[in-house]
Amino acid sequence: MEHCIKQNNAIDIYEEYFSNIDSERVAEAPSAKTINIFRDPNEVKRTATHLSWFPDGGRKLAVAYSNLRFQGTSPFTCLDSYIWDVENPNRPELTLKPSSPLLCVEYNPKDSHVLIGGCYNGQVAFWDTRKGSHAVDTSLIEHSHRDPVYKTVWLQSKTGTEFFSASTDGQVR
């Protein structure tokens, strides 16, 4: 048995193992094609700051929209972000209504109805799409980040309800 194992571990580094493969084969040039364009439906256009694909099949896309020139925004600037149906780019399927502009949004990989979003004011908001457009829960301001939340990540846990958030305040919570 030991002899067989040693044979499998022996490799001749000078042997040409793939000599019968044609190296002159021309590969197809890479290409891309636009399928749909999902535009911010507001009059004042904002930047799409983050995308998250629906975990069960990719038929929906959550998009966080925000004006990145925060100092120049008016108090009447729209805070909404949207969930789009890939087959219908004309109208969002659901509007997410945060208390502060969303910089990131993530679908929960274990429960596709649940999303988290990082806000400009440092809070993290939690949505259940079965319960409507408004956040089901939001982190308390005194337990939130002190700067905008630029990234949220769901953890692989038994409950599927735990996540990390990262901010420019130097903290990961």
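Each value, and the rule that gives it
- Residues numbered from 1 in each chain as written.
- Predicted model: local features only at pLDDT ≥ 70, side-chain atom pairs only at ≥ 80, totals over all residues.
- Heavy atoms only, no water.
- Phe/Tyr/Trp six-rings, centres within 6.5 Å; stacked < 30°, edge-to-face > 60°.
- Lys NZ or Arg CZ within 6 Å of the ring centre and 35° of its normal.
- Pairing = 2+ DSSP bridges.
- Helix = DSSP H or I, 4+ residues; strand = E, 2+ residues; numbered from the N terminus.
- Polar contact = N/O pair within 3.5 Å; in protein donor to acceptor, adjacent residues only side chain to side chain.
- Contact = heavy atoms within 4.5 Å.

How would you sum up the packing of aromatic side chains? Please name residues and give values.
The relative placement of two aromatic rings is captured by the distance of their centres and the angle of their planes. Per the counting criterion, the structure on display carries 5 aromatic pairs. Between Trp-154 and Phe-163 the ring centres are 5.6 Å apart and the planes differ by 70 degrees, which places this aromatic pair in the edge-to-face class. Following the ring pairs from residue to residue traces out a cluster consisting of Phe-38, Tyr-65, Tyr-82 and Trp-84. Here the guanidinium or amino end of Lys-60 rests over the ring plane of Phe-54, the centre of that ring lying 5.0 Å away.

Let's hear about the sheet that holds strand β8 (residues 137-138): which residues, and what values?
Strand order in the open sheet formed by 4 strands is β5-β6-β7-β8, with antiparallel pairing between adjacent strands. Both edges of this open sheet fall to β5 (102-107) and β8, since each of them pairs with a single strand only. Here strand β6 (residues 114-119) pairs with strand β7 (residues 124-128) via 5 bridges, running antiparallel. Pairing of Gly-118 across the sheet is with Val-124, part of β7.

Residues and numbers for the side chain of Asp-40, please.
By the secondary structure assignment, Asp-40 is in the loop between α1 (2-9) and β1 (47-53). For Asp-40, the side chain forms a polar contact with the side chain of Asn-42, separated by 2.8 Å. A distance of 2.8 Å separates a polar atom in the side chain of Asp-40 from a polar atom in the side chain of Arg-46. Look past the residues within four positions of Asp-40 in its chain and what remains in contact with it is Lys-45, Arg-46, Tyr-65 and Tyr-82.

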